[in-house]
Amino acid sequence: MANKYVQKFVDDAAALCSPDKIVWITGEEEQLEALRREACATGEMELLNQEKLPGCYLHRTAPNDVARVEHRTLICTSKKEDAGNINNWMDPKECYKMLGEIYKDSMKGRTMYVIPYSMGVIGSKFSKIGIELTDSIYVVLNMDIMTRVGNKVLEALGDSPDYVKGLHGKVNVDEEKRYICHFPEDNTICSVNSAYGGNVLLGKKCFALRIASYQGKQEGWMAEHMLILGIENPEGEVKYIAAAFPSACGKTNLAMLIPPEIYKKKGYKVWCVGDDIAWIRVGEDGRLWAMNPENGFFGVAPGTNEKSNPNALYTTLKDTIFTNVAHNTDDNTVWWEGLTKEKPANMIDWKGNPYNAESGEKAAHPNSRFTARAKNCPCLSPEFENPQGVPLSAIVFGGRRAKTAPLVYESTSWQNGVFVGSIMASETTAAASGAVGVVRRDPMAMRPFTGYDMGDYFAHWLEMGKKIKNPPKIFNVNWFRLDDEGHFIWPGFGDNMRVLLWILARCEGKVDAVESPIGFLPNAEDINVEGLDITVDTIKELLDIDKEVWLEEAEGIKDFYAQIGERVPAELYAELDTLIANLKK
Ligand code: OXD
Ligand code: MN
C-alpha cells in the first residue's frame, strides 16, 4: 500500500491529466529496459553502436525546446516580495488555475509514470525525497541516471508527508505555454510544455536548487550551485573544495580535473564528488560538510574532448543518454563540435537532418548534453556515497572576466566572502548570442536558481556564518583573463590545480599573502609555474588590479544591489563602502 499522501497526489494528478495508464517506477532493471525498448520502438530514442557505446542512446528534443527558459520560470510565493525582484513571480492561486487549464486531459492516450526519487543517498538524514509524475519515458530514463529511483525510496519515505511533489507534462511542447513553476510554500513543482532536461528533470535545478534553497533557509542549511572536488596529496590526505561558477564556465571540467604531470608524478590525485550542486550543512565538529544530491552528470557535450575533460568523455562511453548531439551515421556513434578536429563525413544534425559541413551550421546544438552515471566516472570520489558528505576546506567563487578579477584572491572574513560571492559576474562571450563583454551579475551563480528573495538569500549566508565555528576560507578565481590581443593568459583546465593548491596552502596557513584593496592576493612566486611556458611576470599580470576598473565595478554592484531591493543586508553595503574606500586610498 503506497504512502497515502503520495497516492492522493497521484490520484489528483490523474484526475486532472486523464492518462490512459499509470505506471509506478520500481527501479528494477527489467522495467527500465522495457521502457528503453519502447522509446526506441516509437523513435523517441535511438540505440547507438553497442560495441563502442554500450547502453547508450540518442534523443532529440523539439528545436524550440533546447534550453532552460529563465523568463518562463516562476517562483510562486503568497507574497510577491518573498520571491524578490530577481525572480519572476505569479500568485500561487492564479498559477495553479492557469496550470490546471494546461494540464486538463493533456495525458489522454499517454501513460503517466510515477517516479519516487531520492536526492542524496537513500536513507541519509541529509537526503530528501521527491515524487515526479511525468508523461515522458525520456524523463524516467534520465531521472534513473541523475537520481536514485524506485521502491527503495518509497520504503525510506514510509508514511511521511515530507516529500517534494513534481508534475511534468509535455502537453504539446508549445513554447507560448511553457512554464516551470515553483511553489516553495507547498513543496511543489509544475513543469509544462517542455521536454528539455533542465526544465523537466525536476530533481535537478527545480528541487535541488530552487525548492531546496528555500528549505535550507527555513531549516538552517544551504543548497548551492557548486561542484565539489577533493585534492589528495602524496601523503594520502584529501582536502575538499566547493566552487560556484555561472553556467558554462567549466564546472564539470574543474570537478574532473586531471593534475598536471608535475603533480601526478608526486602522487597528487583529484576526486570528483559533484559537478553542479552541493547541499551544505554545519557538522557537529563546527565545520561545513557538503554532499552532492545527484547521482549522475547532465553535462554540456560541445567542447568535451580527450584534452579538455578525458574523465567526462570516458564517463559517457556507456549507459549514457545523449541529447541533441550529432549522429555519426558511419558507425552509429555521436559527435559534437570540439570532440575531434576532423568532422565525421556522414552525420545527421541535432535537428534530425543530414548534415552539410558547408552550411556553416553546427552539427550538435551548443547546449547538447550527455546524461551519464556518476559511478562510471573514473575519478569519482570514494566518498561519493558517504551519507555525511565531505568536510569543506575552501569555498571558491568565479566567473568569466576579461580584465577585472585577478587569477585568484582571498576574502578577509566570512562576511567579506559573502560579499565576494554576491558581486560575482560573468561576461558574455562571442560564442553566445548577443553583445560580447556584457556583464551579467550572477551572485553565487544562483541568479536563476534561488527560490526566494536574493537579499534574504544573502542574509541567510551571513546567518550561516554565525553558526560555523570553523568556517572554510572563501576565495574568488578567474581563469578567463584576456591579454590586449584577446587571448587567454592563463592556460586553465588541469593547470587550475596550481591555483587550487595555493588556496589549500592558505587554508593550512602554509603560505603568506599580500593585502590589496579587494582582499588577499598571492605572492606571484607562490603560484607554481614549473612546466608551464609562462613566467612569474605573467602571474603578476594576472594578479594585477586596475583601481579605475574596480571603481566602475563598484558602481555596477551598487546598481545591482538596488535592483535586488530593500532586503540586501546592511553588512554587504558596509563591505561595498570598505571596498570603495580601499580603492580610493
Ligand atoms: C546546468 C546549468 O545545466 O547550470 O547545469 O545551466
Ligand atoms: Mn548548473
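Residues numbered from 1 in each chain as written. Chains lettered and ligands numbered in written order. Predicted model: local features only at pLDDT ≥ 70, side-chain atom pairs only at ≥ 80, totals over all residues. Heavy atoms only, no water.

Things to note about the pairing of strand S9 (residues 164–169)
Put simply, side chains in a regular strand alternate between the two faces of the sheet. Within S9, five of the six residues are buried, which leaves the element mostly enclosed by the surrounding structure. Both strand S7 (residues 128–134) and S9 contribute to a ladder of five bridges, which runs parallel. Opposite Ile131, over in S9, you have Lys165 as the bridge partner. The pairing of S9 with strand S11 (residues 188–192) spans five bridges and is classified as parallel. Along S11, the bridge assignment pairs Gly169 with Val192. (Buried < 20%, exposed > 50% of the residue type's maximum accessible area, 1.4 Å probe, protein only. Helix = DSSP H or I, 4+ residues; strand = E, 2+ residues; numbered from the N terminus. Pairing = 2+ DSSP bridges.)

Digging into the site of ligand 1
The environment of ligand 1 is formed by Arg68, Lys205, His225, Ser247, Asp276, Arg369 and Phe449. Between ligand 1 and the protein, one listed contact pairs an oxygen atom with a side-chain N or O atom of Arg68 at 2.9 Å. Within the contact set of ligand 1, an oxygen atom lies 2.9 Å away from a side-chain nitrogen or oxygen of Lys205. Considering ligand 1 on its own, with 210 Å² of exposed area, one finds that the protein chains cover 88% of that surface. Residue composition of the shell around ligand 1, by class: one nonpolar, two polar and four charged. (Near = heavy atom within 4 Å. Polar contact = N/O pair within 3.5 Å; in protein donor to acceptor, adjacent residues only side chain to side chain. Areas by Shrake-Rupley, 256 points an atom, 1.4 Å probe, with all protein chains shown as cover. Nonpolar A, V, L, I, M, F, W, Y, C, P; charged D, E, K, R; others polar.)

Focus: unusual backbone geometry
Positioned with a positive phi, Val171 is a non-glycine residue whose angle comes to about 50 degrees. Relative to the helices and strands, Val171 resides in the loop between S9 and strand S10 (179–183). On the basis of relative accessible area, Val171 is assigned to the buried category, the value being 11%.

With respect to the coordination of the manganese ion (ligand 2)
Six octahedral donors around a metal ideally make angles of 90 or 180 degrees; four tetrahedral donors ideally make 109.5 degrees. Lys205 (NZ), His225 (NE2) and Asp276 (OD) make up the full set of protein donors to the manganese ion (ligand 2), lying at 2.1 to 2.2 Å. The sequence motif formed by the donor residues of the manganese ion (ligand 2) is K-x19-H-x50-D. Here Asp276 lies in the loop between strand S15 (269–274) and strand S16 (278–282) and Lys205 lies in helix H8 (residues 203–219), a separation of 71 residues in the sequence. Accessibility assignment for this pair places Lys205 and Asp276 in one class, buried. (Donors = N, O, S within 2.8 Å, 3.2 Å for Na, K, Ca; no water.)

Some details on the packing of aromatic side chains
Across all of its chains, the model carries 18 aromatic pairs by this definition. Geometrically, the ring pair formed by Phe245 and Trp479 is tilted, given 6.5 Å between the ring centres and 35 degrees between the ring planes. One end of the pair, Phe245, is in the loop between strand S14 (238–244) and helix H9 (251–255); the other, Trp479, is in the loop between strand S28 (473–477) and helix H14 (496–507), with 234 residues separating them in the sequence. For the pair shown, Phe245 and Trp479 are each scored as buried. (Phe/Tyr/Trp six-rings, centres within 6.5 Å; stacked < 30°, edge-to-face > 60°.)

Here we look at the environment of Glu33
Residue position: Glu33 is located in helix H2 (residues 29–42). For Glu33 and Gly55, which are 22 residues apart along the polypeptide, the C-alpha to C-alpha distance reads 9.9 Å.

Observations regarding the sheet that holds strand S18 (residues 296–300)
Backbone-to-backbone hydrogen bonds join strands into a sheet, with any given pair of strands oriented parallel or antiparallel. Taken in spatial order, the five strands line up as S2-S3-S19-S23-S18 in an open sheet, and their pairing is mixed. A single partner strand is all that each edge strand has here, and the edge strands are strand S2 (46–47) and S18. Pairing of S18 with strand S23 (residues 369–373) involves five bridges; the strand directions are antiparallel. Each residue of the ladder has a partner; that of Gly296, found in S23, is Arg373. Its contacts with the sheet place H2 against S2, strand S3 (57–59) and S23, and it is angled at close to 50 degrees to S3. (Contact = heavy atoms within 4.5 Å. Axes fitted to C-alpha atoms, helices over the stretch in contact; angles between N-to-C directions.)

Side note on the domain arrangement of the protein
Often, the extent of an interface is quoted as the loss of accessible area on bringing the components together. Taken domain by domain, the protein consists of domain 1 (4–44 + 71–219) and domain 2 (224–296 + 382–584). Taken together, the contact between domain 1 and domain 2 spans 32 residues of the former and 31 residues of the latter. Roughly 2800 Å² is buried in total at the junction of domain 1 and domain 2, and carbon and sulfur atoms are behind 55% of that figure. If you sort the residues of domain 1 by the area they bury against domain 2, Ile86, Phe126 and Leu209 come out on top, with a joint share of 25%. One can count five salt bridges joining domain 1 with domain 2. Across the salt bridge formed by Asp276 and Lys205, the nearest N and O atoms sit 2.8 Å from each other. If you look at where domain 1 meets domain 2, you find 20 residue pairs in polar contact (both at pLDDT 80 or more). Put simply, the parts of the chain that give the side of domain 1 that touches domain 2 at least two residues each are helix H3 (80–83), strand S6 (111–119), helix H5 (137–146) and H8. A per-class count over the side of domain 1 that touches domain 2 returns 14 nonpolar, 10 polar and eight charged. (Domains from an automatic or database assignment. Buried area = accessible area lost by both parts, 1.4 Å probe. Salt bridge = Lys/Arg side-chain N within 4 Å of Asp/Glu carboxyl O.)

Focus on the sheet that holds strand S22 (residues 347–348)
One open sheet accounts for three strands, arranged S21-S20-S22; its pairing is antiparallel. Both outer strands of the open sheet, strand S21 (333–335) and S22, are each paired with one neighbouring strand and no more.

Regarding the nonpolar core
One finds Met226, Trp279, Leu392, Ile395, Phe397, Trp461 and Tyr561 to be the most contacted residues of the largest nonpolar core, which totals 93 residues. In this structure, this core is formed jointly by two domains, domain 1 (4–44 + 71–219) and domain 2 (224–296 + 382–584), each of which donates at least three residues. Ignoring any residue separated from it by four or fewer positions in sequence, one finds Phe397 in contact with Met226, Ala244, Gly417, Val420, Gly421, Met424, Met444, Trp461, Ile474, Phe475, Asn476 and Val477. Listed in part, the 69 residues of the second largest apolar core include Tyr355, Leu407, Phe475 and Met497. (Core = buried A, V, L, I, M, F, W, Y, C linked by side-chain atoms within 4.5 Å.)

So, the pattern of salt bridges
Counted under the stated rule, the structure contains 35 salt bridges. The closest approach of N and O atoms between Lys104 and Asp105, which form a salt bridge, is 3.7 Å. A relative accessible area of 28% places Asp105 in the partly exposed class. Residues Glu553 and Arg441 are paired through a salt bridge, measuring 3.0 Å at the closest nitrogen-oxygen approach. In this pair, Glu553 is assigned in helix H16 (residues 547–564) and Arg441 in strand S27 (residues 439–441), connecting sequence segments 112 residues apart.

Points about the pairing of strand S29 (residues 513–516)
Bridge count between S29 and strand S30 (residues 519–522): four bridges; the pairing is antiparallel. If you follow Glu515 over to S30, its bridge partner there is Phe520. Taken together, S29 and the strand that follows it, S30, pair antiparallel across an intervening segment of two residues.

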